[in-house]
Amino acid sequence: LMTTHAKAQSPLQSRIKFATTNLVLAGASYDIWWTYKGADTRPRFVEGMDEYSEFFRYDEEAHFRTMVVSLYTLFETGPRTANFSVLLRGSRDVGSPLATSETQLTALKPVVVKVMALRNFLFAHRNHTEPYNDVYKRANISGVELRRLIDGGRAILNQLRYAHGMDGFDFNPFVGDHTRELLRFIQPT
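Here goes a summary of the coordinates provided.

Conventions used here
- Residues numbered from 1 in each chain as written.
- Predicted model: local features only at pLDDT ≥ 70, side-chain atom pairs only at ≥ 80, totals over all residues.
- Heavy atoms only, no water.
- Core = buried A, V, L, I, M, F, W, Y, C linked by side-chain atoms within 4.5 Å.
- Buried < 20%, exposed > 50% of the residue type's maximum accessible area, 1.4 Å probe, protein only.
- Helix = DSSP H or I, 4+ residues; strand = E, 2+ residues; numbered from the N terminus.
- Contact = heavy atoms within 4.5 Å.
- 1 Å grid on protein atoms, 1.4 Å probe; cavity = no way out; pocket = protein on both sides within 12 Å on 5 of 7 lines; lining within 4 Å.
- Points joined across faces, edges and corners; volume = space filled by probe spheres on them.
- Phe/Tyr/Trp six-rings, centres within 6.5 Å; stacked < 30°, edge-to-face > 60°.
- Lys NZ or Arg CZ within 6 Å of the ring centre and 35° of its normal.
- Axes fitted to C-alpha atoms, helices over the stretch in contact; angles between N-to-C directions.
- Parallel < 35°, antiparallel > 145°, perpendicular 65-115°, else oblique.
- Left-handed = near helix turned anticlockwise from the far one by under 90°.
- Nonpolar A, V, L, I, M, F, W, Y, C, P; charged D, E, K, R; others polar.

**A look at the nonpolar core**
Inside soluble globular proteins, nonpolar side chains tend to come together where they are buried.
Link 1 in the chain: Grouped together as the largest cluster of nonpolar side chains are 41 residues, with contacts concentrated most on Met67, Leu71, Phe75, Leu157 and Leu160.
Link 2 in the chain: Counting only elements with at least two residues in this core, the list comes to helix H1 (11–37), helix H3 (53–75), helix H4 (84–90), helix H5 (99–124), helix H6 (132–139) and helix H7 (143–163).
Link 3 in the chain: Broken down by element, this core gets its largest block of residues, 9 residues, from H5.
Link 4 in the chain: Look past the residues within four positions of Leu160 in its chain and what remains in contact with it is Ile16, Phe84, Leu87, Leu88, Ser91 and Leu98.
Link 5 in the chain: Ranked by size, the runner-up nonpolar core spans 8 residues in total, among them Ile32, Tyr36, Phe56 and Ile186.

Okay, here's the thing in structure tokens:
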């Protein structure tokens, strides 16, 4: 997913790189999932998707789960993982002003709580007494909120990367384009 540089990295730089990989995966999975689900794209492609319904049923779910779990890893608070809280705490001594990142992280918390509810109650700690639709209703999260969380994560990670002498990153712009191209190809004529 990510290219590597030959120079040695500090343990914190390695964690930042790992977090970057998770966010790139979340962003790519979002682009694919949202192409399948979004009101602007789904109507154009639903006929072809129906032709291969079993593939798209599972692919849509796989990309949604990948996105949710990848985002969760960045916003959890365990002390031994590559999450934003740990990365920001570990970066306080680099002399770079990361207060903006901490403010951004705080602003994202309401959406983070929703992602955590999905991860915990749909996938990781599934309780059979609560139907799936009830968990989705409780989380009450939109595609726009997920995109905002991903973009906010990119801003925070780029600030961390710059503070540690690493290059910034952006998402692969071709994932959504290639997904739409594939969907156009399978549309019945």
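There's more to say after this.
**Topic: the layout of surface pockets**
Link 1 in the chain: Empty space within the second largest pocket amounts to approximately 190 Å³.
Link 2 in the chain: Lining the second largest pocket are Trp33, Trp34, Lys37, Glu60, Glu61, Phe64, Leu118, Tyr136, Ile141, Ser142, Gly143 and Leu146.
Link 3 in the chain: Of all the secondary structure elements, the ones that give two or more residues to the lining of the second largest pocket are H1, H3 and H7.

**Focus: the packing of aromatic side chains**
Link 1 in the chain: Taken as a whole and assessed by the stated rule, the structure comprises 10 aromatic pairs.
Link 2 in the chain: Arranged with centres 5.2 Å apart and planes meeting at 90°, the rings of Tyr36 and Phe56 form a pair that is edge-to-face. Pair noted here: Tyr36 is in helix H1 and Phe56 is in helix H3, with a separation of 20 residues, a long-range link. Taken as a pair, Tyr36 and Phe56 share a single burial class, namely buried.
Link 3 in the chain: Among the aromatic residues, those joined into a cluster by ring pairs are Tyr30, Trp33, Trp34, Phe64, Phe123 and Tyr136.
Link 4 in the chain: Over the ring of Tyr72 we find Arg119; its NZ or CZ atom is 4.1 Å from the centre of that ring.
Link 5 in the chain: Of note, Arg147 hangs over the ring of Phe171, and the distance from its end group to the ring centre comes to 5.5 Å.

**Focus: the packing of H3 against H7**
Link 1 in the chain: Running from N to C, H3 and H7 point in directions that differ by 45°, and their axes come no closer than 11 Å. Taken together, the axis directions place H3 and H7 in an arrangement best described as oblique. Between H3 and H7 lies a crossing of left-handed hand. Listed contacts from H7 to Phe64, Met67, Leu71 and Phe75 of H3 are Leu146, Leu149 and Ile150.
Link 2 in the chain: The class makeup of the residues in the contact of H3 with H7 is 7 nonpolar, no polar and no charged.

**Some remarks on the packing of H1 against H3**
Link 1 in the chain: Where H1 meets H3, the axes come as close as 8 Å, and the angle between the chain directions of the two elements is 145°. Between H1 and H3 lies a crossing of left-handed hand. Facing Ala19, Asn22, Leu23, Leu25, Ala26, Ser29, Tyr30, Ile32, Trp33, Tyr36 and Lys37 of H1, the residues of H3 in contact are Phe55, Phe56, Asp59, Glu60, His63, Phe64, Thr66, Met67, Ser70, Leu71, Thr73 and Leu74.
Link 2 in the chain: Along the lines of polarity and charge, the residues of the contact of H1 with H3 split into 14 nonpolar, 6 polar and 3 charged.

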